[in-house]
Amino acid sequence: MKLRKICKYEGTITLVTGLAIRGASNEMGIGGADSEVIKNPITGEPYLPGSSLKGKMRSQLERALGRMSGSEPCKCGERDCPICTIFGAHKNPKAYSAPTRIIVRDSVFTSESREKIRSLPLERGGYLELKAENMIRRNSGTAESPRFMERIPAGLTFTLEILLQIFDDDDENKMKKHVENALRLVENSYLGGSGSRGYGQVKFNGEWKDVEVIK
Ligand SMILES: [Zn+2]
C-alpha cells in the first residue's frame, strides 16, 4: 500500500451553546468552579482535544452505519469498513484496514475569538461562564447545594483541522463524504459533557484542500 495524497479539511468550530470538556484534574481553580474545562497548562487557554472530536465523529457515524459491535466500537478491521479504515480498528492490532487514515488536530481559539476576549472590560473578571447546576432530589423535590460548572460561552469559535491520508486503493471522495457526514451528525448531537441538558451544540464550517500529493 502506498500513500497517494494528504487532504485537509480546514475551517472553524462555532459554539452555538456553552461547551464543557472536562480536564483530568477537578481541583478547585481560582475561579471557584467545582468542575473546570480542559486548558493548556502553559497559556491557561481552553482547547478542544482532537481525541474528543474524533471519538464523537466515530461513535455517531458508527450508529448511522450500524457498525457498532454491541456497545463497543467497531473492531472488524476489514478493508471495506469505513469506520475501521478511517478511524482505526478498535484494539485490533492485526486489522487489514490499517493504517488509520484520519488525524484530528486539537482545536484552539481563532484569532477572532482571542480578539473578542481581549476587548472585554477587565471588571468582567474573565470570559468563562460559571453555570450553577442544581441536582433535584426526586423524592423530596428539594435542591441540593448547586455545583458550579465552568463552560466556554456560546459564540466563541475554534480552529478545525482534519487530515485524511489517501492510499492508492482508497476511494477518496467516499472517505471525504464519510468525514463530512460524521461532522453533520456531531452537529445534530453535541461535543463534551451534559449534552442532554443543552451543552455542546456546535457548528462546523470548512473545506477540503490537497496539502500534499505524493508522486
Ligand atoms: Zn470495522
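As shown above, the structure is provided for reference.
Visitor: Got a minute to help me understand the environment of Asp80 in this structure?
Guide: Along the chain, Asp80 falls in the loop between helix H1 (50-65) and helix H2 (82-87). For the pair Asp80 and Ser97, spaced 17 residues apart in sequence, the C-alpha separation works out to 7.5 Å.

Visitor: In this structure, what is going on with the nonpolar core? I would like to understand it.
Guide: Where a protein is soluble and globular, its nonpolar side chains tend to be buried together. Counting 40 residues, the largest nonpolar core has Leu19, Ile102, Ile162, Val179 and Leu191 as its most contacted members. Taken together, the elements giving at least two residues each to this core come down to strand E1 (3-15), H1, H2, strand E2 (102-104), strand E5 (157-167) and helix H4 (172-187). Residues within four places of Val179 in sequence aside, it is in contact with Tyr9, Ile86, Ile102, Ile162 and Leu164.

Visitor: How should H4 be read in this particular structure?
Guide: Given 3.6 residues to a turn, an α-helix orients residues that are three or four positions apart in the same direction. Helix length check: H4, at 16 residues, gives a terminal C-alpha distance of 23 Å against a target of 22 Å (1.5 Å per residue), a fit within 8%. Listed as buried for H4 are Met175, His178, Val179, Ala182, Leu183 and Val186. Angular distribution of buried residues about the axis of H4 spans 135 degrees; they occupy a single face of the element. Exposed side chains of H4 directed beyond 90 degrees from the buried face belong to Asn173, Lys174 and Lys177. Tucked into the core, H4 has its buried residues touching E1, H1, H2, E2, E5 and strand E6 (202-213).

Visitor: I keep staring at H1 and nothing clicks. Help me out?
Guide: For H1, which comprises 16 residues, the first-to-last C-alpha distance of 22 Å matches the rise-based estimate of 22 Å (1.5 Å per residue) to within 8%. What H1 keeps buried is the set Leu53, Lys54, Lys56, Met57, Arg58, Leu61 and Glu62. Tucked inside the fold, the buried residues of H1 contact H2, E2 and H4. Phi turns positive one or two residues past the end of H1, at Gly66, with a value near 65 degrees.

Rules of the game
- Along each chain, the written sequence defines residue order, and numbers are assigned to residues from 1.
- pLDDT decides what is reported in this predicted model: residues at 70 or higher carry local features, side-chain atom pairs at 80 or more are listed and counted, and totals for whole chains, interfaces and linings draw on all residues regardless.
- Helix and strand assignments come from DSSP, with helices taken as H or I runs of at least 4 residues and strands as E runs of at least 2, each series counted from the N terminus.
- Each nonpolar core comprises buried Ala, Val, Leu, Ile, Met, Phe, Trp, Tyr and Cys residues, the members being joined through C-beta atoms within 7 Å.
- Residues with at least 20 other C-beta atoms within 10 Å of their own are called buried, those with 12 or fewer are called exposed, and the rest are partly exposed. The C-beta atoms themselves are positioned from the backbone.
- Note that contacts rest on C-beta atoms placed from the backbone: two residues are in contact if these are within 7 Å.
- To estimate how far a helix should extend, the number of its residues minus one is multiplied by 1.5 Å.
- The directions from the helix axis to the C-beta atoms form the arc being described.

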